[in-house]
Every structure is written in structure tokens, then in C-alpha cells.
Amino acid sequence: MENAVNERRLRIVFDAVDLGNNKKALQEVEKVLKKTPNLKTGLALKALALIRLGREKESQQIINELEKDPEDDSTLQVMTYCYRELDQLDKVCQIYTEAAKKMPGNEELLTQLFMAHVRVNDYKSQQTVALQLFKAKPKNPYYFWAVMSVVLQALRGSESKDKQKAKVLLSLAQKMIDKIIKEDKIEAEQEVQLYLSILEYQEKYEEALEFLQSKVCIDKFPGAPITIKIEIYKKLKKWKDLMSLSQELLQEDPDRWDYYQDYLLACFELVKEGDNSVIDLSFNFINNILKSNSKVRGPYLARIEMHKRMKNNNLDPDALFGDYQDLLIEYFSIFGNKKCCVNDLKMFLEHLPVDRRSELASKLLQDTGISSTTLPQNKDQLQKHICSLQISRLCGSHSSLSIEHLQALYSALTLHYEHSFSAFGKDLLSTDIGPSDQYSILAAHIMYDIAIKSNSSYRLIETLHFLNYLLKNSPSNFHGKLLCLQIFHILGCAMGAHKVYDSLDIKHIQLDSMGYLHCAHLPSTALATLSKPIYDQTLKFFTASYKDSLEYLALSYKYGSFSKLQEFMDFREKLSNSLHYSMVSVEALLQEIVAFNGTNQQNYMQFQNMKIEPNEDRIKYEELTDNRDLNVMLRWDPIRNENNESLYDKIKDIEKESFNQEVVLLRIRSTLLRIVASSVELINTPYRSLNTKEQNGHSSNSSVEDGDESHKILIDTWDEHFKLLEMLNYQPTSSQFLVNLLPSRLHVILQLPYNKVISLLGKFVYNLWMSSEKTKELGNDLQQAFLDLKSFIENLEPVSEASNLFYYRDLQAKFIGCVEIMSLCSFVLSLCYEKCNHNQAQTTSKKKKQQTNSEVKENSKQITMKEKVSLITEIIRNLKSALNTAEKSLEKLKPLKVEKNLNEYLASLSINPKESNKTNNSETTSVITTVNIDIHTIFDENYQQSVKEISMLIKDKLKLINVK
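Thresholds, definitions, all that
- Residues numbered from 1 in each chain as written.
- Predicted model: local features only at pLDDT ≥ 70, side-chain atom pairs only at ≥ 80, totals over all residues.
- Heavy atoms only, no water.
- Helix = DSSP H or I, 4+ residues; strand = E, 2+ residues; numbered from the N terminus.
- Buried < 20%, exposed > 50% of the residue type's maximum accessible area, 1.4 Å probe, protein only.
- Areas by Shrake-Rupley, 256 points an atom, 1.4 Å probe, with all protein chains shown as cover.
- Lys, Arg positive; Asp, Glu negative; His and termini not counted.
- Charge placed at Lys NZ, Arg CZ, Asp CG, Glu CD.
- Contact = heavy atoms within 4.5 Å.
- Salt bridge = Lys/Arg side-chain N within 4 Å of Asp/Glu carboxyl O.
- Patch = residues over 30% accessible without salt bridge, like charges linked within 9 Å, V, L, I, M, F, W, Y side chains within 5 Å.
- Expected span 1.5 Å × (residues − 1).
- Arc of directions from axis to C-beta.
- Phe/Tyr/Trp six-rings, centres within 6.5 Å; stacked < 30°, edge-to-face > 60°.
- Lys NZ or Arg CZ within 6 Å of the ring centre and 35° of its normal.
- Core = buried A, V, L, I, M, F, W, Y, C linked by side-chain atoms within 4.5 Å.
- Axes fitted to C-alpha atoms, helices over the stretch in contact; angles between N-to-C directions.
- Parallel < 35°, antiparallel > 145°, perpendicular 65-115°, else oblique.
- Left-handed = near helix turned anticlockwise from the far one by under 90°.
- Nonpolar A, V, L, I, M, F, W, Y, C, P; charged D, E, K, R; others polar.
- pLDDT = per-residue confidence, 0-100.
- Disulfide = S-S within 2.5 Å.

Draft legend 1. How the structure looks around the overall build of the chain. Counting secondary structure elements, the chain contains 46 helices and zero strands. Projecting the C-alpha coordinates of the chain onto the three principal axes gives extents of approximately 110 × 80 × 60 Å. When each of the 964 residues of the chain is scored for burial, the buried share is 53%. When the accessible area of the chain is evaluated, it comes to approximately 45,100 Å², of which 49% is carbon and sulfur surface. Separation of charge centres in the chain, based on 120 positive and 127 negative side chains, amounts to 5 Å.

Written out as C-alpha cells, the structure reads:
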């Protein structure tokens with residue numbers, strides 16, 4: 001009866017927690033606890049509500065009492081939620097271990113204990129608990145939980161580093177399943193699949209093939225993917241079997257490109273073994289498929305691929321297939337009206353001799369039936385024309401054109417777009433991408449080529465106008481939005497880029513794979529009001545996904561999805577080791593420190609709440625993963641450059657170096673953050689403990705000594721980063737093509753006095769803390785560094801018509817970098833001044849009463865407290881001077897004026913903009929975010945907002961360091 005009453009009372013609390021109404025949950029549980037103060041479930045719910053209200057210290061006291069003797073299942077479950085919120089998952093294992101000891105053999109408790117070990121990746125404990133479960137309740141799932149735990153020990157546990165131990169563990173896992181097979185107790189296909197995986201891990205491919213054809217596998221796993229057998233044949237080099245199997249599969253499905261690749265792989269491996277007869281067999285087989293399936297792409301692509309492979313193997317393909325170029329033209333003639341045609345042919349263009357590529361481009365254009373005086377008459381002809389133009393660019397036809405010819409091509413493409421939109425783009429849904437939109441995307445690439453050759457920013461602004469027109473007609477065209485985002489960042493217009501980014505509606509995993517397109521450039525802008533929400537959204541995704549992924553692992557065991565288990569684990573590791581996640585985490589913290597605008601006490605309290613660990617860099621740099629989707633933007637840039645180097649091979653090298661540069665940038669930014677944190681920690685160390693060290697020659701406080709050493713190591717690490725960069729001599733990424741990766745912020749940091757100023761600041765704080773004789777010298781150096789920084793700002797040249805295309809972006813990044821350096825120094829030096837001033841006041845008040853004052857006893861070479869205050873005051877005056885100079889120089893950030901609005905620009909192209917007749921209904925408009933940007937005014941708006949935020953930031957810093 002009492003339990004039923006308590007359960008009814010707590011139901012209101014559970015409901016409030018589920019709805020996220022934590023204040024109400026706390027109020028209701030307090031009422032329950034007044035009547036039954038020892039109700040453990042109620043106490044656990046109170047702790048959970050307190051955690052979610054941010055009162056962790058209060059909740060921890062309750063949890064500490066509860067974990068001594070947790071009783072019922074509901075209390076354990078609520079405590080589990082508490083530990084998850086506190087990120088103390090190991091404690092969940094502890095409480096369920098204790099509960100399981102009190103009730104041995106309890107299936108529910110052991111299951112929860114197993115899942116708790118899953119969440120902390122304790123594979124050995126998983127195995128132990130799973131076997132206990134199987135002993136208590138002999139069920140197959142529990143047994144296979146144990147098997148899977150053994151497998152994970154071999155593949156991911158500490159034993160995985162020892163090949164011999166891993167081999168033994170995999171052998172054990174195999175024997176465990178062998179036992180079940182002999183007893184005829186296999187029940188599910190996932191159990192069979194796990195056994196096959198274990199054999200593959202051990203490279204026992206013969207056994208795997210034999211088992212795949214066994215009665216057990218056929219009965220329990222009838223839907224075994226054919227890819228398993230294909231991969232086994234490849235591993236065993238059973239090329240004839242692979243060829244026969246691929247033939248059977250292709251006869252059933254003649255359009256499967258992956259089957260053709262396996263078929264041709266087997267064919268040419270047999271050729272290498274001396275069996276040339278397979279060439280004729282393969283040729284006849286592919287031709288027969290083509291005759292009976294002339295409307296599918298597979299056999300046509302297979303012929304081109306076979307021709308290419310024969311050429312690579314020094315065989316004569318022309319005798320069988322004819323000319324390579326003719327095969328490409330034939331394919332284009334049949335499938336040129338499909339959007340996939342370009343990507344299909346792109347695979348083979350590189351194998352066409354360079355001197356024949358322009359010829360191919362001309363023939364494909366002729367095949368479309370469109371000339372300089374004709375226009376597409378239907379959608380098929382339209383798509384074929386677009387395809388021929390894209391292939392022409394891939395062949396390098398645009399690279400050699402003059403600015404005048406490129407301009408003519410651009411004008412032609414804009415008119416083709418306008419005509420085709422009027423003819424074929426009407427009455428489409430707002431979620432549809434128009435059939436002529438690719439003309440505009442290609443035109444944007446052409447205009448970028450003109451901008452690079454003429455070194456003109458105005459050319460890119462024209463491109464923005466035209467892309468804006470495209471997006472008015474096709475609001476869902478994300479390719480156009482991505483190009484707008486790229487161009488706005490090239491031109492240094494963060495506000496325009498942000499509006500485009502918002503319209504892309506990027507969410508979930510895209511925040512990791514595509515977030516770099518915008519987030520990587522935000523620290524170089526002054527728009528903290530824009531970047532903070534994006535940082536918060538991104539970090540919230542990573543935090544939530546990390547926690548959710550733990551549940552995916554638990555669910556994989558629950559439903560026996562062993563094949564998915566490792567996929568979820570890989571996914572979780574990629575997220576937790578994401579470069580983008582680490583970078584955003586560091587940048588968000590630095591931005592918050594830079595933006596501090598309260599008193600010293602308020603700033604210090606806010607800083608403490610950030611919980612930065614200066615002595616420990618938690619980022620695992622060697623394990624960082626590059627999750628960027630680097631192929632998200634369409635590109636048809638030439639497959640070979642002027643030096644006949646493969647552009648796409650070069651792009652891979654550039655992408656790899658870009659990742660390496662971003663990792664180095666992350667190291668620098670993380671070290672910068674830790675130096676600031678370490679400096680603040682030193683400044684707020686009790687002064688008395690420092691005097692003890694000076695007078696007695698040792699420290700009575702080990703944490704003080706640790707801080708002493710770690711701070712020096714941090715400064716050394718900071719200097720080493722820049723020495724390494726000087727040695728590596730990284731170069732900015734090429735700006736040759738529109739969709740190339742933009743240069744890393746690393747290069748701007750190297751042009752600014754980050755290394756000198758931050759190193760001096762760190763050394764100054766350390767020596768000030770030690771009352772070292774070097775303090776004055778370092779203080780003077782720091783003053784000079786601020787004078788140099790002031791001169792650097794004064795020497796920045798404003799943008800002009802003669803400026804480099806990327807100049808404004810670099811100018812803005814340098815200016816913001818200088819402001820960031822001064823802001824971080826302001827925060828640290830203001831704390832130094834307040835601390836020393838306070839200590840001086842205390843010393844002065846004691847002098848009359850106590851002649852044996854600590855300052856009297858100081859070594860004559862050591863700096864006195866009065867001298868410290870005076871020195872910091874002088875340093876701050878120079879810093880204020882630099883800040884005032886920055887405020888006066890804001891006018892330099894003014895961009896070039898955009899002369900034309902959209903209608904005026906379109907009129908110059910002889911385009912008369914019309915209202916779009918897109919179908920608008922609630923189902924389509926609700927899922928699309930339109931771009932509404934006035935290119936004519938957005939650059940000035942960006943400037944005005946930047947000036948406003950920088951000016952406010954500088955005023956806050958001047959107020960913070962306003963010393964007498």
C-alpha cells in the first residue's frame with residue numbers, strides 16, 4: 001500500500017522531468033520528501049532535477065549518499081540518468097555491480113550491468129557479465145553477447161595492440177560459436193553473420209567460403225549478401241569463380257556497375273596469369289548484354305572500361321572496340337540527356353590523350369545540334385548542351401581563353417539560362433531544381449576565372465547578382481547557395497555568408513561534414529553575434545550525438561545487430577575525434593573570453609565556469625579525423641593542368657595538406673587558450689604561498705609548483721609550434737578555381753605578432769608571479785610589442801580598386817587578429833593589476849604595525865610590489881594606446897561600394913527579370929528556406945555591423961583596463 005502511494009506521488013515528478021519542466025519537478029519532489037524524507041527514488045529524482053537546473057554541487061551530495069546503498073530498480077534507473085548527465089558513466093557500473101551482488105542471478109540487473117559496461121567500452125567486464133547472464137538464463141542472445149565482447153577485445157581492446165593475444169581471442173570466439181553449431185543451437189542470421197565475420201578477421205577465407213555454402217548458413221542466413229562471396233573470392237584469388245559469379249549476376253541485373261568492375265577485375269587478373277582467351281570471352285559477353293539491353297548504361301560503360309584496361313595492359317583494344325574517343329562520343333549520343341552523363345565520362349577522360357581532348361569537346365558540342373545562333377528546343381537537347389559544356393571545361397577548353405572570350409562565354413550562358421528558364425522552368429515546385437540551373441552554376445565558374453585573370457572583386461559581385469537571380473527562380477538549388485557562400489567568404493562578407501548558410505538549413509551530421517564551409521572563417525570576422533549561435537548549435541549536436549551513440553550500442557546488443565555494432569562504434573569515434581568539433585570547441589571558448597565585458601571579478605567567475613584545464617590538453621591530435629565533405633560543391637575544372645599533372649590527384653594532396661594545416665592551427669589555438677588559463681591560474685595563486693617559496697627555497701604547496709612547471713612548459717610549447725611552422729613552410733591553398741579550399745587562418749596568424757606578444761605575456765606573468773628580476777625587462781619588451789602592434793594597425797592599407805581580389809578578406813582577418821591579441825592581453829593584465837594593487841594595499845596597511853614585512857625581506861634583486869603595480873600600469877597604457885589606434889582605424893575596413901542593384905545588373909545582361917511562377921503550397925514551401933539578400937547593400941551592412949561590434953569590444957577592453 002505504501003509503495004503504491006509513493007508511486008502515485010512520484011508520477012507527477014516523473015511527468016515533469018519527462019517534459020523538461022525541472023523547476024516543477026523539484027517543487028513536486030520536495031513536497032513528496034517532506035512526507036517521506038527517506039524515499040530513495042524521490043531523492044534520486046531531486047538530484048536529477050538539480051543537475052538539470054545547473055546545481056550540480058547540491059545534487060552530488062545527494063548522489064554520494066544514495067550510491068552507498070541503492071535499492072529498488074526505479075532508484076537505480078534515475079541514478080543512471082544522473083550519472084549520464086554528469087558524464088560519470090563508470091559510476092553506473094559500480095551501482096549495478098553492487099545491486100547484482102545483493103541479488104545474484106537477477107536477469108534485469110545483470111542486463112543493465114552489461115549495458116553499463118557497454119557504455120564505457122569495458123569489453124572484458126562485458127564478457128564476464130554476459131556469461132553470468134547465460135548461466136542464469138541460458139538464452140542465445142546472452143551467449144553471443146559474450147562472443148561479441150571477446151571479438152571486441154581482440155579488435156578494439158588493449159589486447160588488440162598485441163597481435164598474438166588478438167589472435168588467441170579471435171580463436172576463442174570462433175570455438176565458442178563452433179560449440180553452438182555442433183549442438184545445433186544457432187537461431188538467428190545475425191549469429192551466422194558474426195561467425196562469418198570472425199573467420200574473415202582471422203583471414204580464414206577457405207573456412208568462410210565452406211561455411212557460406214553449408215546447410216546451417218543456407219537455412220539460417222538465406223539472404224546472405226552476395227558481396228560476402230565476392231570479397232572472399234577476391235581474397236582467395238579465385239578469379240574464374242569470381243568471373244562466373246559476376247556473369248550470373250550481370251545477366252540478372254545488366255546495369256550494376258560494381259558487378260562489371262568485379263567481372264573485369266577477374267578478367268584481367270586471369271590475363272596476368274597468362275589466360276588471354278578471356279579477353280574474347282569478355283568482349284562477346286559484354287556485347288551480348290548490350291544487344292539485349294541497349295537502353296541501360298552499364299554495358300556501354302563496361303566497354304569503355306575494358307578498352308581502358310586493355311590499353312593499360314599493353315593490349316590492342318582498337319581491334320575489338322574501335323577508337324576510344326568514338327566510344328565516348330557514342331555514350332554521349334545515347335545518354336547525354338541524363339545528368340549522370342558528365343560524371344560517367346569524367347572517369348575516362350583522363351585516359352584520353354591531351355591533344356585529342358579539345359577535339360572531343362568540339363565533337364560533343366556539334367552532337368547537341370546547338371550553335372551560336374540556335375537554342376535548345378526541348379529538355380533533352382538542353383541537358384545535352386549543358387553536359388557538352390561541362391565536359392568541355394573538364395577537357396581544359398576554358399583554360400586557354402582570353403578574358404574577352406570568357407566574357408562572351410559568360411554572357412552566352414546567362415542568356416541560355418534566361419531562355420531555358422522561360423521555356424522549360426515554369427510551373428515547377430519550389431523544391432524542384434530547374435533544368436537550366438546548371439547554366440548559371442557553370443557561368444559562376446567562368447566569371448570566377450575572369451575575376452582571377454583581371455584581379456577584380458567586382459566580377460565576383462556580378463556573379464553574386466546572377467546567382468541571387470538564380471535562387472529567386474530556384475530557391476532550393478543548394479549548389480547555387482554553396483557557391484554564394486564561398487564567394488561571400490572570398491570577399492570577406494560574413495553577414496552575406498551567414499544568410500546563405502541559414503538558408504541551407506544545415507543540421508545533424510551535416511554540421512560536421514559541411515560546417516567547415518562557414519565555421520572555419522567565422523573567427524576572422526567581427527560578428528560574434530552571428531558565430532556564437534552557430535558554435536552553440538554545433539557543440540550541442542556533438543554532445544547529444546555522443547550520448548545518443550552510446551544508446552545505439554546498447555540497442556545493437558539488445559536486438560542482436562552485431563553487424564551494425566562496429567559501424568556505430570566507428571561513427572562514434574569519428575564524431576568524438578572530429579577536427580571540426582575540436583576546433584569549434586576551442587574557438588567558442590576563445591570568443592567568450594575575448595567578449596568578456598564585466599568587472600574583473602565577474603570575468604574571473606565566468607572564466608572559472610568554463611572549466612579550462614591548462615595543465616592538460618584533452619585533444620588527441622594523432623586520432624583526429626577529417627570529416628569534411630570536400631566534394632559537396634560541383635566542379636568541372638580541367639582534369640589536367642598546364643604542366644600535364646592530374647588536377648584531381650593534386651587536389652587530394654591539397655586536401656591532405658589542408659587537414660594538416662588545420663591540425664597545426666588547432667594546436668596553436670588550443671595552446672593559446674591554455675596559456676591564458678594558466679596565466680589566470682598563476683595570478684590568482686595565494687601570494688603568501690609564493691613568498692614561502694622565495695624565502696625558504698622550496699614550495700609548501702605541490703599544486704603551486706606544478707603550476708609553475710606547467711606554465712613554463714606551455715610557453716615553450718607555444719614557441720615550438722611557431723618554430724615548427726617556420727620549418728614546415730606551409731603554403732596557402734591555390735585560388736585558381738572557385739571551389740578550391742580557402743586558405744587556412746594559419747597563414748594570417750603567422751603574419752601577426754601572435755607568437756611574440758603571447759609568449760612575452762606568458763613569461764611576464766610567470767616572472768611577475770615569481771617576483772623575478774627579469775620582470776622589468778619582460779615588461780619593457782611587452783610595452784614595445786604593443787607599440788609594434790599599434791604600428792602594424794596603422795600600416796594596414798584600406799581596400800581600393802587596385803587591391804588584390806582577396807585583399808579585403810585578409811585585411812579584415814588581420815585587423816580582427818590584432819583586436820583578439822589585445823583583448824586577451826587586456827583580460828590577463830587587468831587581473832594582474834588588480835591582484836598586485838590589492839597586495840600593495842595590504843602591504844602598506846601592515847607597514848606601520850609590522851616592520852618585518854615580507855617586502856622588506858625580499859632580495860634586492862627581486863621586484864617590489866610597488867614596482868610591479870607601476871610596471872603593469874605602464875604596460876596597460878601602451879595597450880590602451882594600441883586599442884585606441886584600432887578604434888580610430890575602423891574606417892580602413894570599409895569595403896568597395898557596390899554600384900548596381902540586381903535589376904540594373906540584369907538589365908546590363910539584357911535580361912528582363914520576371915516574377916517566378918513556382919507552385920506554392922504549404923507542403924513545399926514549408927521545407928525550403930529562400931535566400932533574400934540585397935547584394936547592393938549587404939557589404940555595407942556587413943561593414944556597419946562589424947564596426948559596431950569591434951567598437952563595442954574595444955570600448956569594453958578600455959573600460960576593463962582603465963587604471964589610474
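Draft legend 2. Structural view of the side chain of Ser826. Mapped onto the elements, Ser826 comes out in helix H41 (residues 807-847). Dropping the residues within four chain positions of it, Ser826 is found in contact with Leu879, Leu883, Lys957, Leu960 and Ile961.

Draft legend 3. Focus on unusual backbone geometry. A positive phi angle, near 55°, is found at Asp184, a position not held by glycine. Locating Asp184 in the fold gives a position in the loop between helix H10 (163-182) and helix H11 (189-201). Owing to a relative accessible area of 65%, Asp184 belongs among the exposed residues under this scheme. Its identity as a non-glycine residue notwithstanding, Asn455 has a phi of 55°, on the positive side. Its location among the elements puts Asn455 in the loop between helix H25 (437-454) and helix H26 (457-473).

Draft legend 4. The arrangement of the pattern of salt bridges in detail. With the rule as written, the count across this model stands at 43 salt bridges. The residue Glu269 makes a salt bridge to Lys272 at a minimum N-O spacing of 3.7 Å. On the criterion of helical spacing, the pair formed by Glu269 and Lys272 is a turn pair, its members being three residues apart in helix H16 (residues 257-272). For Lys272, a relative accessible area of 60% puts it in the exposed group. Taking the shortest distance from any N to any O, the salt bridge between Asp637 and Arg635 comes out at 2.9 Å. Residue Asp637 is classed as buried on the basis of its relative accessible area, which comes to 0%. Residue Arg635 is classed as buried on the basis of its relative accessible area of 15%.

Draft legend 5. Representation of the side chain of Arg669 in the model. Along the polypeptide, Arg669 turns up in helix H35 (residues 647-683). In this view, Arg669 contacts Val586, Glu587, Leu590, Arg745, Ile749, Tyr754 and Glu820; residues no more than four positions away in its chain are not counted.

Draft legend 6. Examining the environment of Gln783 more closely. Its place among the elements puts Gln783 in helix H40 (residues 775-794). As a C-alpha pair, Gln783 and Gly762 span 21 residues in sequence and 14 Å in three-dimensional space. Leaving out residues up to four positions away in the same chain, Gln783 has contacts with Leu871, Glu874, Ile875 and Asn878.

Draft legend 7. Quick look at a nonpolar patch on the surface. On the surface, a nonpolar cluster with roughly 470 Å² of combined accessible area is contributed by Ile509, Tyr552, Leu555, Tyr559 and Phe571. By secondary structure assignment, the location of Ile509 is in the loop between helix H28 (494-504) and helix H29 (510-513).

Draft legend 8. Region of the structure containing helix H15 (residues 239-252). With 14 residues, H15 extends 20 Å from end C-alpha to end C-alpha; this agrees with the ideal 20 Å at 1.5 Å per step. Where H15 is concerned, the buried positions are Trp239, Leu242, Met243, Leu245, Ser246, Leu249 and Leu250. Taken down its axis, H15 places every buried residue within 165° of arc, on the same side. The outward face of H15, more than 90 degrees from its buried face, is lined by the exposed residues Lys240, Gln251 and Glu252. Against the buried residues of H15 lie helix H14 (226-236), H16 and helix H17 (277-292).

Draft legend 9. Highlighting the packing of aromatic side chains. According to the stated counting rule, one finds 25 aromatic pairs in the structure shown. With centroids separated by 4.6 Å and ring planes inclined at 15°, the aromatic side chains of Phe114 and Trp145 adopt a geometry described as stacked. Of the two residues, Phe114 sits in helix H7 (residues 107-119) while Trp145 sits in helix H9 (residues 140-155), which places them 31 residues apart along the sequence. According to the relative accessible area criterion, Phe114 is buried, its value standing at 0%. Cation over ring: Arg256 sits above Tyr259, and NZ or CZ is 4.1 Å from the ring centre.

Draft legend 10. Molecular detail of a negative patch on the surface. Residues Glu248, Glu252, Asp253 and Asp255 make up a contiguous surface patch of negative charge. Structurally, Asp253 can be placed in the loop between H15 and H16. Among the residues examined, Asp253 registers a relative accessible area of 31% and is labelled partly exposed.

Draft legend 11. Geometry of the nonpolar core. In terms of nonpolar packing, the biggest core is built from 214 residues, with Phe488, Tyr557 and Phe939 touching the most fellow members. The element best represented in this core is H9, accounting for eleven residues. Aside from chain neighbours lying at most four places away, what touches Phe488 is Leu464, Cys493, Gly496, Ala497, Val500, Ile933, Ile935, Ile938 and Phe939. Of all hydrophobic cores here, the second largest spans 96 residues; its members include Tyr621, Leu624, Leu673 and Leu811.

Draft legend 12. View of the packing of helix H2 (residues 22-35) against helix H3 (residues 40-52). Direction vectors running N to C along H2 and H3 enclose 155°, while the axes themselves pass 9 Å from each other. In terms of axis orientation, H2 runs roughly antiparallel to H3. H3 is crossed by H2, and the crossing has left-handed handedness. Two secondary-structure elements touch here, H2 through Asn22, Ala25, Leu26, Val29, Glu30 and Leu33 and H3 through Gly42, Leu43, Leu45, Lys46, Ala49, Leu50 and Arg52. Classifying every residue of the contact of H2 with H3 by side-chain character gives eight nonpolar, two polar and three charged.

Draft legend 13. Highlighting the packing of helix H20 (residues 324-335) against helix H22 (residues 357-368). In the contact formed by H20 and H22, the axes pass within 10 Å of each other and the chain directions differ by 30°. Judged by the inter-axis angle, H20 sits roughly parallel to H22. Crossing hand, H20 versus H22: right-handed. Residues Gln325, Leu328, Ile329, Phe332 and Ser333 of H20 touch H22, and the partners they reach there are Glu359, Leu360, Lys363, Leu364, Asp367 and Thr368. Across the contact of H20 with H22, the residue classes tally to five nonpolar, three polar and three charged.

Draft legend 14. Just the environment of Glu551, in detail. Secondary-structure assignment places Glu551 in helix H31 (residues 528-558). Sequence-distant contacts of Glu551, that is, excluding residues within four places in its chain, are made with Arg84 and Arg119.

Draft legend 15. Representation of the environment of Ile935 in the model. Assignment of secondary structure puts Ile935 in helix H46 (residues 935-960). Along the chain, Ile935 and Ile461 lie 474 residues apart, while their C-alpha atoms are 7.6 Å from each other. Sequence-distant contacts of Ile935, defined by excluding residues within four places in its chain, comprise Ile461, Leu464, His465, Asn468, Phe488 and Val898.

Draft legend 16. Seen up close, the confidence of the model for the chain. Across the chain, pLDDT averages 88, with 92% of residues at or above 70. Of the regions scoring below 50 in pLDDT, residues 851-860 engages in 15 contacts with residues more than four places distant in sequence or in other chains. Across residues 919-927, where pLDDT falls below 50, the model places 13 contacts with residues more than four positions away in sequence or in other chains.

Draft legend 17. Spatial organisation of the state of the cysteines. Applying the stated criterion across every chain, the model contains zero disulfides. Residue Cys82 stays outside any disulfide, its sulfur separated by 16 Å from that of Cys93, the closest cysteine. The exposure class of Cys82 is buried, given its relative accessible area of 1%.

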